[in-house]
Amino acid sequence: MNEIKATVIEQLQHLQMFTNRVMGLGLCPAKKMPDPLKGQGRILKLLKMKPEMAQKELDYLADMRKPMLMETLEKLEQSGYITREDSVIRLTDAGAKAADEVNDNPVQISKVLDCMSEEELRTFSRYLARLITCFEEQFPGEDFEAPRMMMKKFSAPHTGK
């Protein structure tokens with residue numbers, strides 16, 4: 001592998017570490033991200049962004065082992081932070097308040113992108129699209145549309161009930 005490819009791979013790994021840390025989905029190797037509720041905090045933060053979702057969707061977004069997710073949901077329900085009906089998880093008012101108390105990382109990805117001009121962002125977006133296409137080609141036969149639509153739905157502003 002040539003030197004520039006090795007550098008780009010290292011940069012992508014570094015970027016992934018920061019992105020995971022900012023989104024509350026991972027840990028920076030050098031410093032544990034503060035989250036007093038750990039897995040519960042992650043679930044609460046996801047539900048704060050979208051207060052009602054199917055358990056299957058939450059399972060995908062939380063990226064937790066099924067037994068751990070079920071245990072976490074049980075604890076959240078016992079604490080009165082969520083309700084479960086059929087396969088739908090709903091955040092309660094107490095859960096929304098608890099989600100607000102989970103330590104947030106003050107860095108926001110959209111603010112980080114402010115370091116680039118609109119033209120640079122458009123170019124970067126084209127590069128990312130090419131990389132995504134190349135990654136998808138490494139998994140022939142796999143359907144990427146469903147997860148893509150789920151993430152679009154998840155990242156859309158919640159108009160709420």
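For the structure itself, look to the data block above.
Residues numbered from 1 in each chain as written. Predicted model: local features only at pLDDT ≥ 70, side-chain atom pairs only at ≥ 80, totals over all residues. Heavy atoms only, no water.

## Some details on the sheet that holds strand 2 (residues 82-85)
Next, step 1: Across the sheet, 3 strands lie side by side as 1-3-2; this open sheet has antiparallel pairing. Single-partner strands in this sheet number two, and they are strand 1 (52-54) and strand 2. Between one strand axis and the next, the sheet turns through 20° on average, direction left out of account.
Next, step 2: In terms of strand pairing, strand 2 meets strand 3 (residues 88-91) through 4 bridges, oriented antiparallel. Note that in strand 3 the partner of Thr-83 across the bridge is Arg-90.
Next, step 3: Sheet strands in contact with helix 4 (residues 66-78) are strand 2 and strand 3, and its direction is about 115° off that of strand 2. (Pairing = 2+ DSSP bridges. Helix = DSSP H or I, 4+ residues; strand = E, 2+ residues; numbered from the N terminus. Axes fitted to C-alpha atoms, helices over the stretch in contact; angles between N-to-C directions. Contact = heavy atoms within 4.5 Å.)

## A few points about the pattern of salt bridges
Next, step 1: Per the counting criterion, the structure on display carries 7 salt bridges.
Next, step 2: As a salt-bridge pair, Arg-84 and Glu-77 come within 3.0 Å of each other at their nearest N and O atoms.
Next, step 3: Between Glu-118 and Arg-122 there is a salt bridge, and its shortest N-O distance comes to 2.4 Å. With Glu-118 and Arg-122 both in helix 7 (residues 118-137) and 4 residues apart, this pair spans about one turn of that helix.
Next, step 4: What you see here is one network of salt bridges that share partners, running through Glu-74, Glu-77 and Arg-84. (Salt bridge = Lys/Arg side-chain N within 4 Å of Asp/Glu carboxyl O.)

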